[in-house]
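# Examination of the molecular architecture
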Protein chains: 4
Amino acid sequence: MVKFALFGAGRIGALHAANIAASHPRANLAYVFDTNSVAAKSTAARYNAKVASSVEAVLGDPGVDAVLIASSTNTHVDLITASARAGKAILCEKPIDLDIDRVERCKSDIAGSGVPLQLAFNRRYDPSHRAVREAVRAGEIGALEMLVITSRDPGLPPVAYLEVSGGIFRDMTIHDFDMARFILGDDRIEDVFATGSVMVEKQLHRLGDVDTAMVAMRATSGALVHINNSRRAVYGYDQRIEAFGADGMVQSGNLRASTLTRSGATATDAREPLLNFFMERYRQAYLDELTDFIDVVDGKRQPAVGFEDGRCALILANAACESLRSGRSVRVRYD
Amino acid sequence: MVKFALFGAGRIGALHAANIAASHPRANLAYVFDTNSVAAKSTAARYNAKVASSVEAVLGDPGVDAVLIASSTNTHVDLITASARAGKAILCEKPIDLDIDRVERCKSDIAGSGVPLQLAFNRRYDPSHRAVREAVRAGEIGALEMLVITSRDPGLPPVAYLEVSGGIFRDMTIHDFDMARFILGDDRIEDVFATGSVMVEKQLHRLGDVDTAMVAMRATSGALVHINNSRRAVYGYDQRIEAFGADGMVQSGNLRASTLTRSGATATDAREPLLNFFMERYRQAYLDELTDFIDVVDGKRQPAVGFEDGRCALILANAACESLRSGRSVRVRYD
Amino acid sequence: MVKFALFGAGRIGALHAANIAASHPRANLAYVFDTNSVAAKSTAARYNAKVASSVEAVLGDPGVDAVLIASSTNTHVDLITASARAGKAILCEKPIDLDIDRVERCKSDIAGSGVPLQLAFNRRYDPSHRAVREAVRAGEIGALEMLVITSRDPGLPPVAYLEVSGGIFRDMTIHDFDMARFILGDDRIEDVFATGSVMVEKQLHRLGDVDTAMVAMRATSGALVHINNSRRAVYGYDQRIEAFGADGMVQSGNLRASTLTRSGATATDAREPLLNFFMERYRQAYLDELTDFIDVVDGKRQPAVGFEDGRCALILANAACESLRSGRSVRVRYD
Amino acid sequence: MVKFALFGAGRIGALHAANIAASHPRANLAYVFDTNSVAAKSTAARYNAKVASSVEAVLGDPGVDAVLIASSTNTHVDLITASARAGKAILCEKPIDLDIDRVERCKSDIAGSGVPLQLAFNRRYDPSHRAVREAVRAGEIGALEMLVITSRDPGLPPVAYLEVSGGIFRDMTIHDFDMARFILGDDRIEDVFATGSVMVEKQLHRLGDVDTAMVAMRATSGALVHINNSRRAVYGYDQRIEAFGADGMVQSGNLRASTLTRSGATATDAREPLLNFFMERYRQAYLDELTDFIDVVDGKRQPAVGFEDGRCALILANAACESLRSGRSVRVRYD
């Protein structure tokens, strides 16, 4: 049984709390900490956990095996560093930080701590996206030549969030950069081009951000990667991956609440809107991610997705930002 | 080049005229005959054919190679017999007749004429239904165990037509009986059960007919066959076949005008209504049927679907009528 | 928190034990009873429950709120009766019994006990099949005119099981009879015709049973129902419902482990085999069924599927048996 | 009846000859000209047309209404100019030429000729791609925000062809540039980025060409366009368009020979390989294109796709070439 402390009791924190406390037979929720004490109390009460008075109180309790960091992005680095020092296993929400310099510093700060750190790129655990990766790795489509990632949110977050989000590439596309790396395996992305537009929320002009974007990338092998993003798809949360290779193609598709189809006078075989939003679409993925992490804490395996994956995804996001600004393809430097 | 005379210039006759005269490089339309001389003139004029003054005039012209019989059902037997005597190759619309005794008499009347006769069970030429048959015959699904035929018209014909149609089993299901025989191959249907309801057109009560029907049949091998029919499917002309066997399943599906799919706030992946009606859905089948018949006239092959197929389909339809009346499964007698 | 005792620790009992003990926040597993004490011990140990020494020991414990009956069919009636007398809420696996006389006796024996009894027709809780029912009830397809139920198991159970199964209609089709009743709502099935064949397992001849079957039924409204069953579908557990009506059609389809599709030189858009078997296909349904029952025990609602549903499904199964024997459509008598 | 002369009796010329001579009731094939006299003779013989001794002989015959230019690309400009001078209506295969300067010269040379010229961007006539455009224009998806064009050939042409093809963007992607313009309507593409790799045929390195490519474009409205190309898709000719907008999404898909699906032990719902190649996939489009052109010749309408469309597509292809070389997004200049 792994005893968790949860940092952050917002929307994503609440989801993790439910998974730890109510859905996983090998996990326990010991503490909840949030600077918003109302949120902390509510989540703790629901799952019979304690409200932690401070980060130190949590990390000083030798009964805590692991921390789940789901607080706001700007707190991640400090919590990672402190947790690593305290010898707690770490499951941290993406991204590590919006600033690559802070990420690099964090990397050296925790070097040698020996603490397992798993980054919560939850989509890697989606059964359908995983099946794409496994088919590619098993050689089913021969050499991978093109990867097309469609990733569209059902709706914009509040502008207040967008202002601190770090921009679409670091906030939203970062998942797709990670998916590209996940499917590509050892094949490294070398060049990144990005373009984008403000089509949904005019205020993004003021922030220098976009809500509709396309990315074109090239890997060492010559494989090409396309990502397209929109912050608003009225038909739901659209999450598809298509891998094309010398011997064929595999695709993962969307999920609905049921398999129902409707046929009537104006349309046939119509399906339901897509599951909406990540909490529904990736429900199984969040659970499987937690199971994997518990295996890590139990020493059964190494983290499947670690600090370096978070760092590389941020490097790609930064390259996309630079490309959007310059109109040039950017050569990626990973070190 | 095969010279045709067309008997019957109604809806289905007009379709055949167009195929013979305008779409087929190896066919010519010489004559059109119809008791409705307006219809005859209009069709003849469109394709530069002559209006025939009588059946005899047509059959007496040694330049005519073949006749296409698309007149009303009650004229089929006489036209078949006369055409056979005149030595003309015959392509005849289904059914041969509604009365099995007349069919039997016709059979003996034309026996020994040596004239090729092809019955226009056009669905046998549909590329998708054919693909089902070919997969079954090639052993792809192992021994055939169940056959499920869905066959629904988009809308009711006029009541005036229904009154002379011979009832749903002889008029509409007869195509499905033929499809069942087509897929079953040498395996004979032995038992027929039918049930039905009046759900669409109340006047059918008066005619002792139904507009919604289900048939259950059993073949010598033990294979089971289901047919379901409706005279009115608001989403279009629904034509599907599912063949299930020891090693798998094959299915043929519906056609639309395009592959377009629509996704919006209330539905995703919605397709267009089905092609509607048989002239659109089986357009390719009608052409391929004609090509096949021209090969028959040219002596390149035997008719793929002949008098015996029309006779057997009617026997099955009669068994269904009897079963509907009696509530019993009817043992089929083919001789 | 509802305290359960489990009768029967076989395959389906183990599934229920897991749902009660490990997946449901409002349920507890107190006892496990099985005449096979090894199975009882193993299941009890896994979930920290007690092994009950006898049925009486369980029913005499006032701490037990509810029983889940998952033992062999011939024990159901006695356990229902005893549990009702002991005032325990009952969730009982289908069928109630194979003998309609025993079912009738049980009905009068428990009349007036006031104990809630829910029958485990789990498919009613499948999100896709439910969506069909809800669309029909909401009037989306207008008057229901035809219902087509495809229900094929991935493989035969052992012959030893088949010998005591009561035959395909009482053992397997009974679920489909219930689904038909579920979709039809207040519309009663009046006539049942059944046909079948031995296509998979020759030994069924000896048992007078079949492994491949088709049923045709007619309801009071005139709506027609088709069921087709096979004991062996090599591509997985095939579970589909199609409801056709005056204004359109709705269909529920199969589930796979993922949405992956494969395209290669010989096939395109190929999907994975179907989920196999009921424990995977109806996983969510079993959980939702349990939640519903817990609401019943908590007095929040009446059982959605009760004794009468089990009785009626058996009556339909018996009618199918009689029809198979007689070759006639059987008029159903419900009282 | 429109009398055609055909320039070029290669693969695509033969297709046009068949459509003109054998499939279209309003078209006649008068002449065939090809520098390869064997090809010219064979095509002419098949359709009872004359072999033309020279271009001049064709253009000097006042009985010729229209020319269809399907000869090699480097002859297009001269034939267009001469035909325009001779007052013949022109249906010309894409591209106009590989050299934009020659295209500009041709444009001024034929200015004022008053002769209708239609460019054979056949995909504009595909019923499914057209349906995408019509849905977009009808406002079904609101403002168009993203366009994703997948366009993959089943296999590489011979290296000898590749050497004179003008490279993938001018030879293959040019169709997709036109499709993007077709869907975008009045919205102009302003920026073009292209990347590519040699994944299929090593000899392309020598030619400075690629066989696997991705293009990212931005239109005046902010709409983003992605194109992906491969010269070799083992599962067939992959041609899909996805238009995403503020109110939804429409997609056009691929065609197969039939609707057959197969389910077996290892895969379910598998469809047949895609139609392969453009002669099959776009068969209906070629016919509809011809009908449209005949209407143009008959003065019933203006060409739906003209010289300017060919010129703009080449400008976009040139921009892609430049971008591939420079690694920069290229601002498009149309004048």
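Residues numbered from 1 in each chain as written. Chains lettered and ligands numbered in written order. Predicted model: local features only at pLDDT ≥ 70, side-chain atom pairs only at ≥ 80, totals over all residues. Heavy atoms only, no water.

### What about the overall build of chain A?
To keep it simple, the criterion reads: Here a helix means four or more residues in a row that DSSP labels H or I, a strand means two or more in a row labelled E, and each is numbered from the N terminus. Radius of gyration here uses only the C-alpha atoms, and the compact-globule reference equals 2.2 Å multiplied by the residue count raised to the power 0.38. Exposure is judged per residue with a 1.4 Å probe applied to protein chains only, and the accessible area is read against the type maximum: over 50% gives exposed, under 20% gives buried, and values in between give partly exposed. The contact rule is simple, with two residues in contact once any of their heavy atoms fall within 4.5 Å. We get accessible surface area from the Shrake-Rupley algorithm with a probe of 1.4 Å; when it comes to residues, only the shown protein chains can shield them. Positive charges are assigned to Lys and Arg, negative charges to Asp and Glu, while His and the chain termini are left out of the count. Note that the charge is assigned to NZ on lysines, CZ on arginines, CG on aspartates and CD on glutamates.
When you go through chain A residue by residue, the secondary structure sums to 13 helices and 15 strands. Since a compact globule built from 335 residues should have a radius of gyration of about 20 Å, the 20 Å found for chain A is in line with a globular shape. Oriented by its inertia axes, the alpha-carbon framework of chain A measures out at about 55 × 55 × 45 Å. Each of the 335 residues in chain A was classed as buried or not, and the buried ones make up 63%. Residue pairs at least 24 apart in sequence account for 71% of intrachain contacts in chain A once pairs closer than 6 positions are excluded. For chain A, the computed accessible surface area is about 12200 Å², with 48% contributed by carbon and sulfur atoms. The positive charge centre, built from 39 side chains, and the negative charge centre, built from 42, are 2 Å apart in chain A.

### Overview of the interface of chain D and chain A
Just so we agree on the cut-off: The term buried area denotes the loss of accessible surface (1.4 Å probe radius) that occurs when two parts are joined, taken as the sum for both partners. We count a salt bridge whenever a side-chain nitrogen from Lys or Arg sits within 4 Å of a carboxyl oxygen from Asp or Glu. Here a polar contact is taken to be a pair of N or O atoms separated by no more than 3.5 Å, where protein atoms must pair a possible hydrogen donor with a possible acceptor and residues adjacent in sequence count only if both atoms sit in side chains.
Taken together, the contacts link 45 residues of chain D with 45 residues of chain A. A combined buried area of about 3200 Å² lies between chain D and chain A, and 63% of that area is made up of carbon and sulfur atoms. Counting across the interface, chain D meets chain A through 6 salt bridges. As a salt-bridge pair, R152(D) and E242(A) come within 2.7 Å of each other at their nearest N and O atoms. There are 15 residue pairs in polar contact (both at pLDDT 80 or more) connecting chain D and chain A.

### Notes on the confidence of the model for chain A
Counted only if it meets this: Within a predicted model, pLDDT stands for the predictor's per-residue confidence, ranging from 0 to 100.
Mean pLDDT over chain A works out to 96, with 100% of the residues at or above the 70 mark. What the predictor reports for the complex is a pTM of 0.96 with an ipTM of 0.96.

### Re the relation of the copies chain C and chain B
Two copies of the chain are present, and they differ by a rotation about an axis and a shift along that axis. Worth spelling out the cut-off: Copies are brought into register by a least-squares superposition over C-alpha atoms of residues with pLDDT of at least 70 in both.
When chain C is fitted to chain B, the residual RMSD is 0.0 Å, and the transformation amounts to a turn of 180° plus an axial shift of 0.0 Å. Such a combination of rotation and displacement between the chain copies is what one expects of a two-fold axis. Measuring from the rotation axis to each C-alpha of chain C, the shortest distance belongs to R328(C), at 2.1 Å.

### Digging into the relation of the copies chain D and chain A
Each copy of the sequence occupies a distinct position, and chain D is placed on chain A by a rotation of 180° and an axial shift of 0.0 Å, giving an RMSD of 0.0 Å. Here 100% of the interface residues in chain D have copies in chain A that are interface residues too; the copies meet face to matching face.

### Thoughts on the environment of S83(C)
Residue and element names in this part refer to chain C. Along the chain, S83 falls in helix α4 (residues 76-85). Residues S83 and L68, spaced 15 residues apart in sequence, show a C-alpha to C-alpha distance of 9.9 Å. Discounting residues that sit within four places of it in the chain, S83 has contacts with F7, L59, V67, K88 and I90.

### Here we look at the domain arrangement of chain A
Residue and element names in this part refer to chain A. How we decide: Each domain span listed reflects an automatic or database assignment of domains.
For chain A, the domain assignment lists domain 1 (2-115) and domain 2 (123-277 + 304-331). Taking only C-alpha atoms, the centre of domain 1 and the centre of domain 2 are 27 Å apart. Contact with domain 1, which involves 13 residues of that partner, is made by 15 residues of domain 2. Between domain 1 and domain 2 the total buried area reaches about 1100 Å² when both faces are included, carbon and sulfur atoms providing 70% of it. Residues K107 and E308 are paired through a salt bridge, measuring 3.5 Å at the closest nitrogen-oxygen approach. Taken together, the links from domain 1 to domain 2 amount to 3 residue pairs in polar contact (both at pLDDT 80 or more). Looking at the side of domain 1 that touches domain 2 element by element, the count peaks at 6 residues for helix α5 (residues 100-110).

### Some points on the interface of chain C and chain B
At the interface, 44 residues of chain C touch 45 residues of chain B. Roughly 3200 Å² of surface becomes buried between chain C and chain B when both sides are summed, with 63% attributable to carbon and sulfur atoms. Of all residues in chain C, M146(C), M199(C) and M214(C) give up the largest surface area on contact with chain B, accounting jointly for 17% of the area buried on that side. On inspection of chain C and its partner chain B, the count reaches 6 salt bridges. Between chain C and chain B we count 15 residue pairs in polar contact (both at pLDDT 80 or more) in total. Taken together, the elements giving at least two residues each to the side of chain C that touches chain B come down to β7 (144-152), β8 (189-197), β9 (212-219), β10 (224-230), β11 (238-245) and β12 (248-252) of chain C. At 7 residues, β7(C) tops the list of elements feeding residues into the side of chain C that touches chain B.

### As for the packing of aromatic side chains
Put simply, the rule is: For Phe, Tyr and Trp, rings pair up if their centres lie within 6.5 Å, where Trp contributes its six-membered ring, and each pair is then called stacked (planes under 30 degrees apart), edge-to-face (over 60) or tilted (otherwise). Any Lys NZ or Arg CZ found within 6 Å of a ring centre and within 35 degrees of that ring's normal is scored as a charge over the ring.
Summed over all chains, the structure comprises 26 aromatic pairs over all chains. Ring centres 4.7 Å apart and planes at 65° place the aromatic pair F277(B) and F278(B) in the edge-to-face group. Of the residues examined, F277(B) reaches a relative accessible area of 18% and is grouped as buried. With a centroid separation of 5.9 Å and 90° between ring planes, the pair formed by Y237(C) and Y282(C) is classed as edge-to-face. Placement of the pair is Y237(C) in the loop between β10 and β11 and Y282(C) in the loop between α11 (278-281) and α12 (283-297), with a sequence separation of 45 residues. Among the aromatic residues, ring-to-ring pairing joins Y237(A), F277(A), F278(A) and Y282(A) into one connected group. Just above the ring of F244(C) sits the side chain of R152(B); from NZ or CZ to the centre is 4.4 Å.

### Observations concerning the packing of α5(A) against helix α13 (residues 307-326) of chain A
Residues and elements named next belong to chain A. Heads up, the rule is: Axis definition: a line fitted to C-alpha atoms, over the contacting stretch in the case of helices. Angles run 0 to 180 degrees between N-to-C directions. Working rule for angles: under 35 degrees goes down as roughly parallel, over 145 as roughly antiparallel, 65 to 115 as roughly perpendicular, anything else as oblique. The hand of a helix crossing depends on one turn: near helix anticlockwise from the far one by less than a right angle means left-handed, and clockwise means right-handed. Charged means Asp, Glu, Lys or Arg here, nonpolar means Ala, Val, Leu, Ile, Met, Phe, Trp, Tyr, Cys or Pro, and polar covers whatever is left, Gly included.
At a minimum axis distance of 10 Å, the contact between α5 and α13 shows a crossing angle of 165°. What the angle tells us is that α5 and α13 run roughly antiparallel. Crossing of α5 against α13: the hand is left-handed. Judged by residue contacts, I100, V103, E104, C106, K107 and I110 of α5 engage F307, E308, R311, L314, I315 and N318 from α13. Split into classes, the residues belonging to the contact of α5 with α13 amount to 7 nonpolar, 1 polar and 4 charged.

### Here's the deal with the nonpolar core
Let me state the cut-off plainly: As used here, the term nonpolar core means buried Ala, Val, Leu, Ile, Met, Phe, Trp, Tyr and Cys residues forming a set that is joined through side-chain atoms within 4.5 Å.
Counting 109 residues, the largest nonpolar core has F4(A) and F169(A) as the members making the most contacts within it. When near neighbours in sequence (up to four residues on either side) are disregarded, F4(A) contacts I20(A), A27(A), N28(A), L29(A), A30(A), Y31(A), A66(A), L68(A), L290(A), F293(A) and I294(A). Listed in part, the 64 residues of the second largest apolar core include V32(D), Y47(D), C106(D) and F278(D).

### Notes on the sheet that holds β11(C)
The condition is simple: Between any two strands, at least two bridges found by DSSP are needed for them to pair.
Here 9 strands make up an open sheet; going across it, the order is β14(A)-β13(A)-β12(C)-β11(C)-β7(C)-β10(C)-β9(C)-β8(C)-β15(C) and the pairing mixed. Single-partner strands in this sheet number two, and they are β14 (270-271) of chain A together with β15 (330-331) of chain C. With 8 bridges connecting them, β7(C) and β11(C) associate as antiparallel partners. Across the sheet, the residue bridging to M146(C) is F244(C), located in β11(C). Across the sheet, helix α6 (residues 127-137) of chain C touches β7, β11 and β12 of chain C, and the angle it forms with β12(C) is around 160°. Of the strands in this sheet, β7, β8, β9, β10 and β11 of chain C are in contact with helix α9 (residues 173-184) of chain C, which crosses β7(C) at around 155°.

### Considering helix α4 (residues 76-85) of chain D
Residue and element names in this part refer to chain D. Most of α4 is tucked away: 7 of the 10 residues are buried. Looking at the packing, one finds that the buried side of α4 touches β1 (2-7), α3 (55-59), β4 (66-69), β5 (89-93), α5 (100-110) and β6 (117-120). At the C-terminal side of α4, G87 shows a positive phi close to 75°.

### A look at the side chain of D187(B)
All names here are of chain B. If you trace the backbone, D187 turns up in the loop between α9 (173-184) and β8 (189-197). One buried charged side chain, D187, makes no salt bridge at all; its nearest oppositely charged neighbour is R188, positioned 8.3 Å away. Side-chain polar atoms of D187 contact the side chain of S221, separated by 2.4 Å. In this view, D187 contacts A219, T220, S221 and A223; residues no more than four positions away in its chain are not counted.

### What about the pairing of strand β6 (residues 117-120) of chain B?
All names here are of chain B. For the record, the criterion: We call a crossover right-handed when, viewed with the strands running away from us, the connection from the first strand over the helix to the second turns clockwise.
Burial along β6 is two-sided: the face carrying L117 and L119 and the face carrying Q118 and A120 are both buried. When strand β5 (residues 89-93) meets β6, the two strands line up parallel, connected through 4 bridges. Note that in β6 the partner of I90 across the bridge is L117. Handedness of the β5-helix α5 (residues 100-110)-β6 crossover: right-handed.

### Things to note about helix α1 (residues 11-23) of chain C
Quick note on the threshold: In this analysis, the expected span of each helix is defined as 1.5 Å times one less than the number of residues it contains.
Spanning 13 residues, α1(C) covers 17 Å between terminal C-alpha atoms, matching the ideal 18 Å at 1.5 Å per step. Within the sequence span of α1(C), burial applies to I12(C), G13(C), L15(C), H16(C), A17(C), N19(C) and I20(C).

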